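If you want the building blocks of each chain, they are given just below.
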Amino acid sequence: MQYRTIIRILGLLVALFSVAMLPPALVSLIYNDGGGLPFVIAFFFNLIAGVFIWYPNRYQRADLRAREGFLIVVFFWLVLGSFGALPFIFSTEPNIALADAFFESFSGLTTTGATVLTGLDQLPKAFQFYRQQLQWLGGMGIIVLAVAILPILGVGGMQLYRAETPGPMKDSKMTPRIADTAKHLWYIYVALTTLCAVSYWLAGMNVFDAISHSFSTVAIGGFSTHDASLGYFNSAAINLVCVVFLLISAANFSLHYAAVTNRSIKQYIRDPEFKVFLYIQLALVLLCWFVLVDQQVYEDKAVALDQALLQTVSISTTAGFATTDFSSWPLFLPILLIFSSFIGGCASSTGGGLKVVRVLLLFKQGMREISRLVHPKAMFSIKLGRKALPDRVVEAVWGFFSAYALVFVVIMLALLGTGMDDITAFTATAACLNNLGPGLGDVAANYGSVTDGAKWILMLAMVFGRLEVFTLLVLFTPVFWRS
């Protein structure tokens, strides 16, 4: 294991992350909100710490293997979440406890969107912007950004990309060189963010809110600059913009790349995962709307459709935006939406959850087993579109599902051990492992009432969800550490 090489890379990346403290400081200067000092201190702290870690190991250069890639990704997310908490720790207004500072940082970077803060409307603009920026950086994965520049630093990037990029088919690349792949991903990401911000502005948001919410929308994060989330704006047009860009961001980014380069939408039409994703969204929206109308939760059917559309797409894609307290709806709907977050977005998207392609393959495997019961001697293959998949892929999906379920159960039991009630424990685990954010019970609005011990457990769940379980779980296996 090339430990000194790993430490060198971590030092460089921490120093790079220090730059993320400058935009909030600039925002504070523009709005004169007095909240810029913690970010200036955090900038120098991160920069000095990064250089201090890098300098003794500056000459340590070695080819990265898959094991080093996994270790760098996990350590960097843990280190980055910790250094990202510094502005909250250094702040006196708002005064944030240590566990809360780490929780807010990890929740932002993992795009979970669970918050312990209240009074968001009164927060200094610098902190409002910083929370949104954390989600934007975490949405595509800051490791992918680093991969784009690692060749300049003399480090190969393919191992990091495989460890970070979500989805069951991690070895596929859109372009021959990994650095080009990462750059193209970020070009698309920045373009979508810009388009989303302009759309929010045209729909009625001011410039600051439009930019801030575009960060958390394209990242499928769910943080807002207001306690009432999107309900603050009370605008069907803004809700529609949010829904459209959540659906776009929850799609596989390689489809966006293919659509841009080929100037055609045929890739979307042909992609089986994307079609199933849209069918799921349509079915959820219609079902939710029907129940709201039938139970007369809203007198106007158009209002019911607007509320059903926003809440359904937001929760099922694991964003967590809200325009109303969906936990007060007929109990069937909140439970349905929480379970829908387990499906999440498509592979290689900014969404969380199991991913649509995995759920699709699990369904196909289940149907194959039923067919084998009827015809024991027949040979059945599982196809994704027109392509037959090898059994190794299906086995990997089953393994992922098993690991996901195991981690879920362990975390939920740990939360119950802290004294949390069963509904809160179940939905908090689902919300953090799926990178969703809001749950039910005591965590329906925020996580401020959760004990410090439970917050640390939920932070671990966020990292497990963001790194898709295996990337972190592999570090707990003896075989990983054998030379």
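Please read all numbers here as calculations on a predicted model, not as lab measurements.

Rules used throughout
- Residues numbered from 1 in each chain as written.
- Predicted model: local features only at pLDDT ≥ 70, side-chain atom pairs only at ≥ 80, totals over all residues.
- Heavy atoms only, no water.
- Core = buried A, V, L, I, M, F, W, Y, C linked by side-chain atoms within 4.5 Å.
- Buried < 20%, exposed > 50% of the residue type's maximum accessible area, 1.4 Å probe, protein only.
- Contact = heavy atoms within 4.5 Å.
- Axes fitted to C-alpha atoms, helices over the stretch in contact; angles between N-to-C directions.
- Helix = DSSP H or I, 4+ residues; strand = E, 2+ residues; numbered from the N terminus.
- Parallel < 35°, antiparallel > 145°, perpendicular 65-115°, else oblique.
- Nonpolar A, V, L, I, M, F, W, Y, C, P; charged D, E, K, R; others polar.
- Phe/Tyr/Trp six-rings, centres within 6.5 Å; stacked < 30°, edge-to-face > 60°.
- Expected span 1.5 Å × (residues − 1).
- pLDDT = per-residue confidence, 0-100.
- Salt bridge = Lys/Arg side-chain N within 4 Å of Asp/Glu carboxyl O.
- Patch = residues over 30% accessible without salt bridge, like charges linked within 9 Å, V, L, I, M, F, W, Y side chains within 5 Å.
- Areas by Shrake-Rupley, 256 points an atom, 1.4 Å probe, with all protein chains shown as cover.

Colleague: What's the story with the nonpolar core in this structure? I'm lost.
Modeller: Side chains that are nonpolar tend, in soluble globular proteins, to be buried together. In terms of nonpolar packing, the biggest core is built from 130 residues, with Phe 17, Leu 415 and Tyr 447 touching the most fellow members. Every residue in contact with Tyr 447, bar those within four places of it in the chain, is listed here: Phe 103, Ala 114, Thr 115, Val 116, Ala 428, Ala 431, Cys 432, Gly 437, Pro 438, Gly 439, Lys 455 and Leu 458. One finds Val 357, Leu 361, Ile 382 and Leu 389 within the second-largest nonpolar core, a separate group that totals 10 residues.

Colleague: Just to check I follow, could you spell out the packing of helix 15 (residues 272–294) against helix 18 (residues 356–374) for this structure?
Modeller: A pair of packed helices can be characterised by two numbers: the angle between their axes and the separation between those axes. Contact geometry of helix 15 with helix 18 gives a least axis separation of 9 Å together with a crossing angle of 90 degrees. In terms of their interaxial angle, helix 15 and helix 18 are classed as roughly perpendicular. The residues of helix 18 that touch helix 15, namely those facing Pro 272, Glu 273, Val 276 and Phe 277, are Val 356, Val 357 and Leu 360. Here the residues of the contact of helix 15 with helix 18 are counted per class, giving six nonpolar, no polar and one charged.

Colleague: I'm lost on the packing of aromatic side chains in this one. Help?
Modeller: The geometry of an aromatic ring pair is captured by two quantities: the separation of the ring centres and the angle between the planes. A full pass over the atoms with the stated rule returns 28 aromatic pairs. Seen from their ring centres, Phe 88 and Tyr 130 are 5.6 Å apart, and the 55 degrees between their planes marks the pair as tilted. Here Phe 88, found in helix 5 (residues 86–90), pairs with Tyr 130, found in helix 7 (residues 125–140); they are 42 residues apart in sequence, far enough to count as distant. Phe 88 gets classed as buried once you look at its relative accessible area, which sits at 1%. Judged by relative accessible area, which is 0%, Tyr 130 ranks as buried. Pairing Phe 102 with Trp 456 gives two aromatic rings, centres 5.4 Å apart and planes at 45 degrees, and the pair type is tilted. Taken together, the residues span a long stretch of sequence, with Phe 102 in helix 6 (residues 98–109) and Trp 456 in helix 21 (residues 452–466) at a distance of 354 residues.

Colleague: Help me understand helix 15 in this model?
Modeller: Quick reminder: α-helices carry 3.6 residues per turn. Residues three or four places apart thus point the same way. Look at helix 15: 33 Å from first C-alpha to last across 23 residues, which is about the 33 Å you get at 1.5 Å a residue. Turning to helix 15, its buried residues number three or more, namely Glu 273, Phe 274, Phe 277, Gln 281, Leu 284, Val 285, Cys 288, Val 291 and Leu 292. Tucked inside the fold, the buried residues of helix 15 contact helix 12 (236–249), helix 13 (253–262), helix 14 (266–270), helix 16 (301–316), helix 17 (332–340) and helix 18. Looking one or two residues past helix 15, Gln 296 carries a phi angle of roughly 55 degrees, positive in sign.

Colleague: Just to check I follow, could you spell out the confidence of the model for the protein chain for this structure?
Modeller: Regions with low pLDDT carry predicted coordinates that are not meant to be interpreted in detail. Across the protein chain, pLDDT averages 89, with 92% of residues at or above 70. Taken as a whole, residues 146–156 scores under 50 in pLDDT and shows 23 contacts with residues more than four places along the chain or in a different chain. Note that pLDDT drops below 50 for residues 166–171; the model gives that stretch 18 contacts with residues more than four away or on any other chain.

Colleague: Which parts of the structure should I look at to understand the pattern of salt bridges?
Modeller: As a working rule, side chains carrying opposite charge can pair if their charged atoms are close by. Following the criterion strictly, the structure yields seven salt bridges and no others. A salt bridge links Glu 104 to Arg 131; the nearest nitrogen and oxygen atoms lie 2.9 Å apart. In this pair, Glu 104 sits in helix 6 while Arg 131 sits in helix 7, placing the two residues 27 residues apart along the sequence. Owing to a relative accessible area of 1%, Glu 104 belongs among the buried residues under this scheme. Exposure remark for Arg 131: the relative accessible area of 1% places this residue in the buried category. Here the salt bridges share partners, and the residues they tie into one network are Asp 100, Asp 452 and Lys 455.

Colleague: Where do I start with a nonpolar patch on the surface in this structure?
Modeller: Among the surface-exposed residues, Leu 37, Val 40, Ile 41, Phe 44 and Ile 48 lie close enough to one another that they form a single nonpolar patch of about 470 Å² accessible area. Along the chain, Leu 37 falls in helix 3 (residues 37–54).

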